[in-house]
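# A structural walkthrough
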Amino acid sequence: QVQLVESGGGLVQAGGSLRLSCVVSGRTFSRYAMGWFRQAPGKEREFVAAISWCGGSTRYSDSVKGRFTISRDNAKNTVSLQMNNLKPEDTAVYYCAVSELGVVISNPRSYDKWGQGTQVTVSS
């Protein structure tokens, strides 16, 4: 059984930075893509970023391009999301997820396993 555990969330001032981490256990990263999503109160879950284990391809939502960077460390079974220049609208619960499709994709329905989420709050 695949398990994902996010960490690194917290309260940060606008313009600051946070690094989220997601530790994956139970299965190899081979043939799996990883994604980050977020959900604000009263909003639907939205795509943030994704990374593929085939070729190192990445994809970002327009709202985070140039500010967020997704990366992986297979030796540590970890996927990270470096978030810079944070804005109040980035406030949400952030989730990591696994897709068996193996390619970067933004549709949350294409992801099979999800973590429990970590809260990110950006204040001014």
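Position labels on residues start from 1 in each chain and follow its written sequence. A pLDDT threshold of at least 70 governs which residues receive local features in this predicted model, and a stricter bar of 80 or more applies before side-chain atom pairs are shown or counted, although totals over entire chains, interfaces and linings include all residues. Only hydrogens and water are set aside when side-chain values are computed; all heavy atoms of the structure are taken into account.

To continue, consider the packing of aromatic side chains. For any two aromatic rings, the description comes down to two numbers: the centre-to-centre distance and the angle of the planes. In summary, the pairing rule links any two rings of Phe, Tyr or Trp, Trp by its six-membered ring, whose centres are within 6.5 Å, and it sorts them by plane angle into stacked for under 30 degrees, edge-to-face for over 60 and tilted for everything else. Under the defined criterion, the tally for this structure stands at 4 aromatic pairs. Centroid distance F37 to F47: 5.7 Å. Interplanar angle 75°. Geometry classified as edge-to-face. Of this pair, F37 sits in strand 4 (residues 33-39) while F47 sits in strand 5 (residues 46-52), and the two are 10 residues apart along the sequence. A simple rule labels every residue: compare its accessible area, found with a 1.4 Å probe on the protein chains alone, to the largest value its type can have, and call it buried under 20%, exposed over 50%, or partly exposed in between. Note on F37: relative accessible area 0%, which makes it buried. Taking 5.0 Å as the distance between ring centres and 55° as the angle between the ring planes, the aromatic pair formed by F37 and W114 counts as tilted. Of this pair, F37 sits in strand 4 while W114 sits in strand 10 (residues 113-114), and the two are 77 residues apart along the sequence. By way of ring pairs, the aromatic residues F37, F47, Y111 and W114 are connected into one cluster. Every helix listed is a DSSP run of H or I at least four residues long, and every strand listed is a run of E at least two residues long, numbered separately from the N terminus.

Disulfide assignment relies on a single distance test, namely cysteine sulfur atoms paired within 2.5 Å. Scanning all chains against the criterion turns up 1 disulfide. Put simply, C22 and C96 are joined by a disulfide, and their sulfur atoms are 2.0 Å apart. Its torsion about the S-S bond being 55°, the disulfide of C22 and C96 is classed as right-handed. In this pair, C22 is assigned in strand 3 (residues 18-25) and C96 in strand 9 (residues 92-99), connecting sequence segments 74 residues apart. Look at C22 and you get buried, because its relative accessible area is 0%. Using a relative accessible area of 0% as the deciding quantity, one classes C96 as buried.

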